[in-house]
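Architecture at a glance
Below are the chains, spelled out letter by letter.
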Amino acid sequence: MNNETILATISCSPEKHRGVVSVPVYRASTILFPTLAEFEAADIGACDYAVYGRYGTPTSEALEEAIAAIENADNSIVVSSGIGAIAVAFLTFLNSGDHVLVADSVYGPTRRFCDYELKRFGVETTYYDPCIGAGIEDLIRPNTKVIFLESPGSLTFEMQDIPAIANAAHKHDIVVIADNTWATPLFMKAFDLGIDIPIHSVTKYMSGHSDIVMGVISCKSVHYKKLLHTFRNIGARPSGDDCYLALRGMRTMAVRVKHQYEAGLKVANWLANRPEVAEVLHPALQSCAGHDIWKRDCTGATSLFSIVLKNGYSHAALSAMLDGLEYFGMGYSWGGFESLIITCTPQKIRTATKWTREGYLLRIHVGLENTDDLIADLEKGFARLKAVG
Ligand SMILES: *Cc1c(COP(=O)(O)O)cnc(C)c1O
C-alpha cells in the first residue's frame, strides 16, 4: 500500500465507534478487568494490551499502529517527547561500562543526554565525524553497544553513509539507533538502510501543527519486548489528547510534507542565488556535499535547511534582518505550518570535527505560507542586512 493510502485508512475502525471515522480521545488511568481470573492472568509489566492508562489506551494504540505502518516497523511506541524516546532507546540497549558512538552533528539535547545522564551511569560516549562512513569500524571497541546517528545532521545537514555504518555495526552486534525526524518515514525507509531502531520527534512533521510535544520509537519484533520493558519502567506515556492530535496531524502528513519539500526547495534555490549567501546546506541541492548520499537513500526532502551568510556582516545588521521579518518567526522546533528562522553556533558544540565557516549560520524552516510571500519577506530582510552592513 502507498503511504498516502496508509495514512488515510490506517487505524480507522468505525464499527467500534458507531460509524465515527476518527478514533476518539480516551482519557484513562483506571481500566477495569471484568473478572478476577482476567485480573490475575494479566502480567502487568509485559502484556501487550492496555491495562492501565500509563501503558496505553485505544487512542495511543491507534497512533502507534499508524506510525508502524508507514515506517514498515513491527511495533512503535509513543513517548511523551522526542528526547524521551531517544532516552528510552539508549537506556534499553546500554549498561554501565558500555560505550556508545554518536554523530558529532547530532541534535543538541541528545548530546546532553549522553554527556550528563549516560555518563552518570558509567556509559562512555565517543563523538564521530558524521562523514566517517565505513571508517567508523576503527572507533568500535569491545564494549561498544550502540551507534546513534542522525542524517542529515541537526543545524549543518551532513548526510551519513548509513548502510556503511550499519554494516560495520552489525559485524560487531551493535544496535543502530537513528534519529530520522528530518526525513520522516515517508522519505527514508530506515530498516532498508540497516537502521535497527528509528526514532522520530512526532512534535515536528508527523503532528505538524506546532501544538504538541511527542516522540516515537519503532522496531522489528526482535527488539520490541526489551524496548517496551524499559519504556514501561520509565513511564513516559503521552496523554490521550496529544495522541489524538498526533494521529489527526498524520492524516494530512503526506500532503503537507510533499508540499513543504517543493516549497523548501524553491526558497533554498532562490537563496542559493543571492549575493548575501555564501552557502545553502540542503541535501537536495546538487551543491550540497551530501547530495549523492541523499539521492541514493532518500526519496524526498523536508523543508528544514540552513544557510551560511557571507562573512563580514555585523551583528546589528543580522538583528535588523531577523527582527523585521514578517512571516519567519524566531523560535525552536519545526515541521509545523509556520515558517521559522534561528541562528546556530555549531562551533560551540562540536568536539570530533571543526565548524570553520565564518559567516552567520541560519536555520530556516519553510512552512505552509505562499512561497512568493516568503521570498519577498526574505528579500526585504536582505535589504535591511545590507543597509546596516
Ligand atoms: C526536536 C528534535 C528532537 C526532540 O524532539 P522533542 O519532541 O522536542 O523532544 C529530536 N531530534 C531532532 C532532530 C529534533 O529536531
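All values derive from a computational prediction rather than experimental measurement. (Residues numbered from 1 in each chain as written. Predicted model: local features only at pLDDT ≥ 70, side-chain atom pairs only at ≥ 80, totals over all residues. Heavy atoms only, no water.)

The environment of the ligand is made up of 13 residues, and the closest members are Gly82, Asp179, Ser201, Thr203 and Lys204. In this structure, a nitrogen atom belonging to the ligand sits 2.5 Å away from a side-chain N or O atom of Asp179. Between the ligand and Lys204, the relevant distance is 2.7 Å, taken from an oxygen atom to a side-chain nitrogen or oxygen of the residue. Within the complex, the protein chains bury 90% of what would otherwise be the 380 Å² of accessible surface of the ligand. Of all the cavities here, the one that holds the ligand is the largest pocket. Class assignment for the residues of the shell around the ligand results in 5 nonpolar, 5 polar and 3 charged. (Near = heavy atom within 4 Å. Polar contact = N/O pair within 3.5 Å; in protein donor to acceptor, adjacent residues only side chain to side chain. Areas by Shrake-Rupley, 256 points an atom, 1.4 Å probe, with all protein chains shown as cover. 1 Å grid on protein atoms, 1.4 Å probe; cavity = no way out; pocket = protein on both sides within 12 Å on 5 of 7 lines; lining within 4 Å. Sits in = over half its atoms within 2 Å of the grid points. Nonpolar A, V, L, I, M, F, W, Y, C, P; charged D, E, K, R; others polar.)

What follows covers the sheet that holds strand E7 (residues 215-219). Read from one edge of the open sheet, 7 strands run E1-E7-E6-E5-E4-E2-E3, paired in mixed fashion. Both edges of this open sheet fall to strand E1 (75-79) and strand E3 (124-128), since each of them pairs with a single strand only. Averaged over all pairs of adjacent strands, the angle between their axes in this sheet comes to 20 degrees, without regard to strand direction. Note that E1 and E7 share 5 bridges and pair antiparallel. If you follow Ser76 over to E7, its bridge partner there is Ser218. With respect to the sheet, helix H6 (residues 162-171) is in contact with E3, strand E4 (144-149) and strand E5 (175-179), its orientation differing from that of E4 by roughly 170 degrees. On top of the sheet, helix H9 (residues 221-234) reaches E1, E5, strand E6 (197-201) and E7; it is set at about 20 degrees to E1, its chief contact. (Pairing = 2+ DSSP bridges. Helix = DSSP H or I, 4+ residues; strand = E, 2+ residues; numbered from the N terminus. Axes fitted to C-alpha atoms, helices over the stretch in contact; angles between N-to-C directions. Contact = heavy atoms within 4.5 Å.)

The next thing to look at is helix H11 (residues 253-272). Over its 20 residues, H11 extends 28 Å from the first C-alpha to the last, a length consistent with the 28 Å expected when each residue adds 1.5 Å. Regarding H11, the residues found buried are Met253, Ala254, Arg256, Val257, Gln260, Tyr261, Ala263, Gly264, Val267, Ala268, Trp270 and Leu271. (Expected span 1.5 Å × (residues − 1). Buried < 20%, exposed > 50% of the residue type's maximum accessible area, 1.4 Å probe, protein only.)

For the rest of this paragraph, the subject is the layout of surface pockets. Where empty space is left can be seen by rolling a probe of water-molecule size over the atoms. In this structure, the largest pocket spans a volume of roughly 670 Å³. Along the walls of the largest pocket sit 34 residues, with Tyr107, Gly108, Pro109, Ser154 and Arg363 positioned nearest its centre. Residue assignment for the lining of the largest pocket shows that the elements contributing at least two residues are helix H4 (82-93), helix H5 (108-120), E6 and strand E10 (340-344). Partitioned by chemical class, the residues of the lining of the largest pocket number 17 nonpolar, 12 polar and 5 charged. (Points joined across faces, edges and corners; volume = space filled by probe spheres on them.)

Right, let's get into the sheet that holds E10. On the basis of which strands lie adjacent, the open sheet formed by 4 strands has the order E8-E9-E11-E10 and antiparallel pairing. Each edge of the sheet is formed by a strand with only one pairing partner; in this case those strands are strand E8 (277-281) and E10. Between one strand and the next, the sheet's axes are offset by a mean angle of 25 degrees, whatever the strand orientation. With 5 bridges connecting them, strand E9 (residues 304-309) and strand E11 (residues 361-365) associate as antiparallel partners. Residue pairing for E11: Ser306 is matched across the bridge by Arg363.

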